[in-house]
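# Architecture at a glance
Each chain, written out:
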Amino acid sequence: MLYPWQKNDYQKLASSFLRGNFHALLIYGGIRCGTNTLMDELLQFMLCHQRNGLDACGSCPSCRLYQEHNHPDLYILAADETEERKTLQIKVNQIREVTEFVYRSSHLSGTKVVYLPRLQELNISSANALLKILEEPPVDCIFILQAEDIARVMPTIKSRCLKYSVTRPTYEQAVAVLDSSADIDFWLRYYDGEPLFEIPFTVEQKKLLIETLQTPSISNIFTLTKELDPKKIGMAKLLEFFIKWQSDLMQVACACSPSYFVDSNQALQQLARRLNKDKLYALQDDSIFLLEWHNHPLNHKLQLENLLLKYQQIYV
Ligand SMILES: [Zn+2]
């Protein structure tokens with residue numbers, strides 16, 4: 001079922017497909033806006049053999065195979081999640097399989113679709129191999145690529161695709177799909193108004209995080225890393241919280257309002273007065289670097305403590 005904010009996107013994309021406007025479509029943005037749901041409806045529609053206007057029929061052999069996740073003319077190109085790697089990657093030999101798929105004839109004599117739900121899983125080699133297919137796309141084969149951040153998509157890939165940014169929900173639409181809880185406004189702001197999130201911290205954990213960031217004393221820092229062990233909580237979640245706090249701190253230091261921690265505005269103002277901006281820039285770089293490597297088996301607790309001790313040093 002589509003979310004209310006997706007209906008217009010669906011209609012535009014489905015009619016664009018019928019008009020043959022694209023061989024490759026690049027969908028981007030809105031990671032927590034349910035884009036997978038939109039893709040699910042669209043893929044079924046594209047593969048359906050008895051389309052009803054802009055809807056899939058839901059009962060033809062093609063629709064049934066799709067619903068059983070067993071459609072021979074759909075190839076989902078994604079990294080193998082069972083592999084233990086620091087970052088999941090699509091390998092070149094997977095692209096070879098795609099090549100075989102796109103050049104053989106369709107099983108159900110209809111459209112064939114190659115779907116990449118996470119474009120960021122391509123590495124340089126697999127992206128270049130894929131590009132060769134995109135340059136000479138076989139007839140009746142459509143590529144659907146999905147990216148979180150279009151800025152990180154290779155320009156050569158972008159230039160081969162019709163680009164489409166998904167619609168984000170309004171505040172009212174977002175609130176309507178969330179369970180009501182006291183902190184919901186905070187988390188909705190924290191996730192940039194995108195409602196399909198899981199709250200990463202309990203009320204107490206969030207309180208402890210904010211207290212430590214407001215008063216980064218040695219004892220608060222050690223209490224935090226003890227209570228919120230990055231190994232159990234997840235390093236990425238903690239880093240994201242920390243990075244957003246730093247971003248608000250910089251905004252306040254530049255006489256803007258905070259984007260996320262609006263209730264801590266006063267505390268942020270006070271901290272900004274004692275802030276060494278150059279040190280904050282360096283800390284932001286370090287934090288983002290660590291976030292990119294959060295899957296690496298480093299000693300996360302030690303890393304987090306180091307980062308928080310550096311955070312303590314940005315104030316004079
Ligand atoms: Zn159908």
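Residues numbered from 1 in each chain as written. Predicted model: local features only at pLDDT ≥ 70, side-chain atom pairs only at ≥ 80, totals over all residues. Heavy atoms only, no water.

In this section: the overall build of the protein. A count of helical and extended segments in the protein gives 15 helices and five strands. The dimensions of the protein, computed from C-alpha atoms along their principal axes, are 70 × 40 × 35 Å. For the protein, with 316 residues in total, the buried portion stands at 44%. Sequence separation of 24 or more characterises 70% of the internal contacts of the protein that already satisfy a separation of 6 or more. Total accessible area computed for the protein in this model is approximately 16700 Å², and 49% of it derives from carbon and sulfur atoms. Side chains of the protein carry 33 positive and 37 negative charges; the gap between the two charge centres is 4 Å. (Helix = DSSP H or I, 4+ residues; strand = E, 2+ residues; numbered from the N terminus. Buried < 20%, exposed > 50% of the residue type's maximum accessible area, 1.4 Å probe, protein only. Contact = heavy atoms within 4.5 Å. Areas by Shrake-Rupley, 256 points an atom, 1.4 Å probe, with all protein chains shown as cover. Lys, Arg positive; Asp, Glu negative; His and termini not counted. Charge placed at Lys NZ, Arg CZ, Asp CG, Glu CD.)

In the structure shown here, the tally under the stated rule is seven salt bridges. For the salt bridge of Glu194 with Arg168, the shortest nitrogen-to-oxygen distance reads 2.6 Å. Taken together, the residues Glu194 in the loop between helix H8 (184-190) and helix H9 (203-214) and Arg168 in the loop between strand S5 (162-165) and helix H7 (171-176) connect sequence positions 26 residues apart. Residue classification places Arg168 among the partly exposed residues on the basis of a relative accessible area of 40%. Here Lys206 and Asp183 are joined by a salt bridge, their closest N and O atoms 2.9 Å apart. With Lys206 in helix H9 and Asp183 in the loop between H7 and H8, this pair connects stretches of sequence that are 23 residues apart. Classification of Lys206 as buried rests on a relative accessible area of 12%. (Salt bridge = Lys/Arg side-chain N within 4 Å of Asp/Glu carboxyl O.)

This part takes up the coordination of the zinc ion. Distances from the zinc ion to its protein donors, namely Cys48 (SG), Cys57 (SG), Cys60 (SG) and Cys63 (SG), fall within the range 2.3 Å. Around the zinc ion sit four donor atoms; with metal-centred angles ranging over 102 to 117°, the donor geometry is tetrahedral. Mapped onto the polypeptide sequence, the residues donating to the zinc ion form the spacing pattern C-x8-C-x2-C-x2-C. (Donors = N, O, S within 2.8 Å, 3.2 Å for Na, K, Ca; no water. Tetrahedral: all angles 85-135°; square planar, octahedral: opposite > 155°, others 65-115°.)

Throughout the structure, instances matching the rule amount to zero disulfides. Among the cysteines around Cys254, which has no disulfide bond, Cys256 carries the closest sulfur, lying 6.3 Å off. (Disulfide = S-S within 2.5 Å.)

Summed over the entire model, instances satisfying the criterion amount to 20 aromatic pairs. Look at Tyr3 and Trp5: their rings are 4.9 Å apart centre to centre, the planes differ by 10°, and that puts the pair in the stacked class. Note on Trp5: relative accessible area 3%, which makes it buried. Through a chain of ring-to-ring contacts, three or more aromatic side chains come together here, namely Phe186, Trp187, Tyr190, Tyr191, Phe197, Phe201, Phe241, Trp245, Tyr260 and Phe261. In this arrangement the basic side chain of Arg51 is found over the ring face of Phe45, its NZ or CZ atom lying 5.3 Å from the centre. Sitting over the ring of Phe186, Lys206 keeps its end group 4.2 Å from the ring centre. (Phe/Tyr/Trp six-rings, centres within 6.5 Å; stacked < 30°, edge-to-face > 60°. Lys NZ or Arg CZ within 6 Å of the ring centre and 35° of its normal.)

Note that soluble globular proteins tend to have their nonpolar side chains buried in a common cluster. By size, the foremost hydrophobic cluster in this structure holds 42 residues, and its most contacted members are Phe241, Leu249, Phe261 and Tyr311. At the level of secondary structure, the elements contributing two or more residues to this core comprise H8, H9, helix H10 (218-227), helix H12 (235-253), helix H13 (265-273), helix H14 (277-292) and helix H15 (300-312). In terms of residue count, H12 provides more of this core than any other element does, nine residues in total. Once residues within four sequence positions are removed from consideration, Leu249 is found in contact with Leu268, Leu271, Ala272, Leu275, Leu280, Tyr311, Ile314 and Tyr315. (Core = buried A, V, L, I, M, F, W, Y, C linked by side-chain atoms within 4.5 Å.)

Let us now look at the domain arrangement of the protein. The domain architecture assigned to the protein consists of domain 1 (4-168) and domain 2 (200-312). Between the C-alpha centres of domain 1 and domain 2 there is a distance of 37 Å. (Domains from an automatic or database assignment.)

Moving on to the packing of H12 against H13. At their nearest, the axes of H12 and H13 sit 9 Å apart, and the two run at 70° to each other. It follows that H12 is roughly perpendicular to H13 by the angle criterion. H12 and H13 meet at a crossing whose hand is right-handed. Residues Trp245, Asp248, Leu249, Val252 and Ala253 of H12 pack against Asn265, Leu268, Gln269, Leu271 and Ala272 of H13. Residue classes in the contact of H12 with H13 are distributed as seven nonpolar, two polar and one charged. (Axes fitted to C-alpha atoms, helices over the stretch in contact; angles between N-to-C directions. Parallel < 35°, antiparallel > 145°, perpendicular 65-115°, else oblique. Left-handed = near helix turned anticlockwise from the far one by under 90°. Nonpolar A, V, L, I, M, F, W, Y, C, P; charged D, E, K, R; others polar.)

Further remarks concern unusual backbone geometry. Although it is not a glycine, Asp140 adopts a positive phi angle of roughly 70°. Inspection of the secondary structure puts Asp140 in the loop between helix H5 (124-135) and strand S4 (141-147). Asp140 sits in the exposed class, given a relative accessible area of 53%. Unlike most non-glycine residues, Asp192 shows phi in positive territory, near 55°. Tracing the chain through its elements places Asp192 in the loop between H8 and H9.

Considering the arrangement of structural elements, one finds Leu108 in the loop between helix H4 (92-103) and strand S3 (112-116). Look at Leu108 and you get partly exposed, because its relative accessible area is 22%. Apart from the residues lying within four places of it in its own chain, the contact partners of Leu108 are His49, Ser62, Leu65, His71 and Asp73.

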